[in-house]
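These are the residues of each chain, in order.
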Amino acid sequence: MKRFVINPTPGLYYGKDIILELPDFIAEKGFGKIALITGKSSFFRSESWKVLTDTLKRKGIQYIHFTASGENDPGAIDRIVASLSGEGIDAVTAVGGGTVIDAGKAVSAMLCMEGSITDYLEGVGTKAPTGAKLPFIAVPTTSGTGSEATKNAVISKIGPGGFKKSLRHNNYIPEAAFLDPALITGCPQDITAASGLDAITQLIEAYVSTGSNKYTDALAIEGLRFAGKSFPWTIEEGSDIEARGSMALAAYLSGVALANAGLGVIHGAASTLGAMHQIPHGVVCGTLLGAATERIIEKVSSGEEGWNNSTLKRYATSGIALNGKDAGSIEDNCQSLVSRLNKWIKRYGIKRLGEYGFTKEELKRAAGSVSPKNTPVELDTKEIELILLSRL
Ligand SMILES: [Fe+2]
């Protein structure tokens, strides 16, 4: 029997206009002063921003507002933390895409630790995070990273000598996540497509991960069912509140699944490539998803067991969940998974790596630094190189 441990999950508040209940939640917890982090434009300029901040004021809750955009640079996080220290902040709330949620998560931790965030980043810093933090509430306005349910915040420095690394501790899982599809309907098509494919990558990678367990399996498969039914509609009918809600839940479930099961080579590549050029995380995952899945399936199926292999059964089950129908054999379902993914990547215009400035030489060099993470089959550098080059 495989033993497993599931970390605490955030309190989940789900539904259209559920954000209107956020001020009550903050008041009930006794938080008198909060840091409120948002993106630079969409939510900050929306009617929901006005309603939220008016309600906070009416309830006597003070807030200090900061914006985050682009990638989370260590300097930007350090500056927000420096501005907030001594302010007597009780909690941090972030309303925005994955970067904004990660910024809020990082700030809530760094307000309780000394020094720069760089000191505590995995593979970069020399200190281990203490786990001390202020309560953190995540309100995503995109459906992708699942950061509202995970224990890490991604911090990046892009370019030569750059990195894309995590500040990570089990305690960093947010206290609450408010999933309000009404906040997501305005998300542009290209961001919706890339974010959605990130969530789908996370669900598949967590499901086939060597770190998966029965609990994460249940979440990942249900997440893939939600995504299969709703992902195309979130792009083609962005105002469809039901589709937006299902995809928000799929992304949240992907976050719980990945935080407890781990991820695979696509996310390994996303860390390496994301530190080299300015490329959205969802685009790296989305662009590699079809090619990497195909390559892994090809490699496993050429092994001794052929198609009668437990990893391939998992890919086949992912295909059934995402397609909403059983194509027949394991081989047929694996193939229809790959063709579904490639169809979406093409139809929704997920760009290739070359469009973000990557060259053949760079990708060849990068392949050697890609961590396979919890990929269920061993991939050598040459095989990873072929996956990357196939999306040049
Ligand atoms: Fe991701």
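Since the model is a prediction, treat every value here as computed from it, not as a measurement.

**Q** Would you take a moment to explain the pairing of strand β5 (residues 136-140) for this structure?
**A** The side chains of a regular strand alternate between the sheet's two faces. Counted residue by residue, β5 has five buried out of five residues, so it is predominantly covered. Side-chain alternation along β5 places F136, A138 and P140 on one buried face and I137 and V139 on a second face that is also buried. As judged from the two bridges shared by β5 and strand β8 (residues 176-179), these two strands associate in the parallel manner. Residue A138 lies in a different strand from β8, and its bridge partner there is A177.

**Q** Explain the nonpolar core here, please?
**A** One broad rule of soluble globular proteins: the nonpolar side chains tend to lie buried together. Of all hydrophobic cores here, the largest spans 58 residues; its most connected members are I200, L273 and L288. Dropping the residues within four chain positions of it, I200 is found in contact with L224, A227, F231, M247, L289, L322, L341 and W344.

**Q** Honestly, the coordination of the iron ion in this entry has me stumped. Any pointers?
**A** Each angle at a metal carrying four tetrahedral donors should ideally be 109.5 degrees, and each at a metal carrying six octahedral donors should ideally be 90 or 180 degrees. Each protein donor to the iron ion is listed here as D198 (OD), Q202 (OE1), H267 (NE2) and H281 (NE2); together their distances run 2.1 Å. Around the iron ion, the four donor atoms are arranged such that angles at the metal cover 84 to 153°; this shape is classified as irregular. Between consecutive donors of the iron ion, the numbers of intervening residues give the motif D-x3-Q-x64-H-x13-H. Note that D198 is positioned in helix α5 (residues 189-208) and H267 in helix α8 (residues 265-274), a separation of 69 residues in sequence. The pair formed by D198 and H267 is uniform in burial state, with each residue classed as buried.

Definitions and limits used
- Residues numbered from 1 in each chain as written.
- Predicted model: local features only at pLDDT ≥ 70, side-chain atom pairs only at ≥ 80, totals over all residues.
- Heavy atoms only, no water.
- Buried < 20%, exposed > 50% of the residue type's maximum accessible area, 1.4 Å probe, protein only.
- Helix = DSSP H or I, 4+ residues; strand = E, 2+ residues; numbered from the N terminus.
- Pairing = 2+ DSSP bridges.
- Core = buried A, V, L, I, M, F, W, Y, C linked by side-chain atoms within 4.5 Å.
- Contact = heavy atoms within 4.5 Å.
- Donors = N, O, S within 2.8 Å, 3.2 Å for Na, K, Ca; no water.
- Tetrahedral: all angles 85-135°; square planar, octahedral: opposite > 155°, others 65-115°.

Remember, this is a structural readout, not a statement about activity or role.
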